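# Notes for the structure review
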Amino acid sequence: ETLAAAERVFTTVGSLADVLVAGLHTPLTRITSGDISAADRRKLVDAGALGDGAELDDIVGAAAAAGLLTSSGRDWEVAEAGSRWLETSTTERWRIVVTGFRASLPSGLRTPDGGYLPVTAWPARYPLDEDWDRRAASLARIAVQWGLLTPESREPAWATTLRDGDDPQTAELARHLPAEIDRVYLQADLTAIAPGPLAPRLELRLRRLAARESRAQASTYRFTAESLTAGLTEGETAASIREFLPGLSLTGLPQPLGYLLDSTAARHGLIRVRT
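These remarks concern the structure in this document.

Rules used in this analysis
- Residues numbered from 1 in each chain as written.
- Predicted model: local features only at pLDDT ≥ 70, side-chain atom pairs only at ≥ 80, totals over all residues.
- Heavy atoms only, no water.
- Helix = DSSP H or I, 4+ residues; strand = E, 2+ residues; numbered from the N terminus.
- Buried < 20%, exposed > 50% of the residue type's maximum accessible area, 1.4 Å probe, protein only.
- Contact = heavy atoms within 4.5 Å.
- Areas by Shrake-Rupley, 256 points an atom, 1.4 Å probe, with all protein chains shown as cover.
- Lys, Arg positive; Asp, Glu negative; His and termini not counted.
- Charge placed at Lys NZ, Arg CZ, Asp CG, Glu CD.
- Pairing = 2+ DSSP bridges.
- Core = buried A, V, L, I, M, F, W, Y, C linked by side-chain atoms within 4.5 Å.
- Polar contact = N/O pair within 3.5 Å; in protein donor to acceptor, adjacent residues only side chain to side chain.
- Axes fitted to C-alpha atoms, helices over the stretch in contact; angles between N-to-C directions.
- Parallel < 35°, antiparallel > 145°, perpendicular 65-115°, else oblique.
- Nonpolar A, V, L, I, M, F, W, Y, C, P; charged D, E, K, R; others polar.
- Patch = residues over 30% accessible without salt bridge, like charges linked within 9 Å, V, L, I, M, F, W, Y side chains within 5 Å.
- Salt bridge = Lys/Arg side-chain N within 4 Å of Asp/Glu carboxyl O.

### Structural notes on the overall build of the protein chain
Looking only at helices and strands, the protein chain has 12 helices and 7 strands in total. By its C-alpha atoms, the protein chain is 70 × 50 × 25 Å across when sized along the principal axes. Burial analysis of the protein chain (275 residues in total) assigns 43% to the buried set. Pairs at least 24 apart in sequence give 57% of the contacts found in the protein chain among residues at least 6 apart. About 13,800 Å² of surface is accessible on the protein chain, with carbon and sulfur atoms providing 51% of the total. Positive and negative side-chain charges of the protein chain, numbering 30 and 36 respectively, have mean locations separated by a distance of 4 Å.

### So, the sheet that holds strand β5 (residues 191-194)
The 4 strands are arranged β4-β5-β7-β6 in an open sheet whose pairing can be described as antiparallel. In this open sheet, the two strands that pair with only one neighbour each are β4 (185-186) and β6 (211-214). Pairing geometry for β5 and strand β7 (residues 219-222), over 4 bridges, is antiparallel. Opposite Ala194, over in β7, you have Ser219 as the bridge partner.

### Details of the nonpolar core
With 51 residues, the main nonpolar core has Leu16, Trp85, Trp94, Trp146 and Leu148 as its most contacted residues. Counting only elements with at least two residues in this core, the list comes to α1 (2-25), α3 (56-65), β3 (75-78), α5 (90-104) and α6 (132-145). The greatest single-element share of this core, amounting to 10 residues, is contributed by α1. Leu186, Ala192, Phe223 and Leu228 belong to the second largest nonpolar core, which has 21 residues in total.

### Quick word on the side chain of Arg212
Of note, Arg212 is situated in strand β6. Judged by relative accessible area, which is 16%, Arg212 ranks as buried. Separated by 2.7 Å, the side chains of Arg212 and Asp18 make a polar contact. Among residues more than four places away in sequence, those in contact with Arg212 are Asp18, Ala47, Gly48, Ala49, Glu203, Arg207, Thr220 and Tyr221.

### Side note on the packing of α1 against α5
With their axes 10 Å apart at the nearest point, α1 and α5 run at an angle of 80 degrees to one another. As the angle between them shows, α1 and α5 are arranged roughly perpendicular. Mapping the contact onto sequence places Val9, Val13, Leu16 and Ala17 in α1 and Thr90, Arg93, Trp94 and Val97 in α5. The residue makeup of the contact of α1 with α5, split by class, is 6 nonpolar, 1 polar and 1 charged.

### Quick notes on a nonpolar patch on the surface
On the surface, Tyr185, Ile193 and Leu250 cluster together into a nonpolar patch covering about 250 Å² of accessible area. The residue Tyr185 is located in strand β4 in this model.

### Topic: the environment of Gln169
Here Gln169 shows up in the loop between α7 (160-163) and α8 (170-174). Classification of Gln169 as partly exposed rests on a relative accessible area of 31%. In sequence terms Gln169 and Ile96 are 73 residues apart; their C-alpha atoms lie 12 Å from each other.

### Considerations on the pattern of salt bridges
Scanning all chains against the criterion turns up 19 salt bridges. Glu92 is paired through a salt bridge with Arg95; the nearest N and O atoms lie 2.8 Å apart. Taken together, the residues span about one helical turn, with Glu92 and Arg95 both in helix α5 at a distance of 3 residues. Given the relative accessible area of 26%, Glu92 is considered partly exposed. Residue Arg95 is classed as partly exposed on the basis of its relative accessible area, which comes to 26%. The salt bridge partner of Arg207 is Glu203, with a shortest N-O separation of 4.0 Å. Of this pair, Arg207 and Glu203 both sit in helix α9 (residues 200-209), 4 residues apart, roughly one helical turn. The network of salt bridges with shared partners includes Asp18, Glu203, Arg207 and Arg212.

Have a look at this one:
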């Protein structure tokens, strides 16, 4: 159960990171009910950000509670805190979300010492609120997504201090998460293979330059002229990329990737005017 809860945390943190990366480029559209639009939901599922589109609203709800997303009413936009969150480690990402989630809980679920009641007690707290059953179920799902409770209603050791009003035990959670790596294999077929979960700061920069083809503990990324152009547009240069990739690679910079980078950089910013 503990390992399954840690794996669920790892997956959820990655899903939220994908949602925020997508939101940095285009705000997520909200429909009248407040949920994410079907079109945006489908895009995120197709991109591998989510295994199930039904998870999205709870993930967005947790992000909003932590101040990572803000809404103008019609859209969800990535807040400055969300951009900073993307640069942090997996355990720090988790800590920020769960402490924000705790702070946003309704007063009827909170305890005087800054903690909260056991999740199993939440459904009975607002018996006169007709909408409470739906909201309590959503809050409980978020608690399970973020490892504060298992589906069997047990509390992992790393969540106990959070419920008591103190900081969560990130070191305890880290013991059950896969170790992050800081190197990838750059291949001659213009792909990069990460044999484990890449450190978030490095993964975020790599994704500015390459399109992710698969996401798991081992992930694959593909370099294309379009992906490199996007990176150059966001502020990278041929020199900065040539400095970054060899430092990240266990296999050096393959010649085909070097050629693609040079040709893409040579074309970037050119304007051709014709009649």
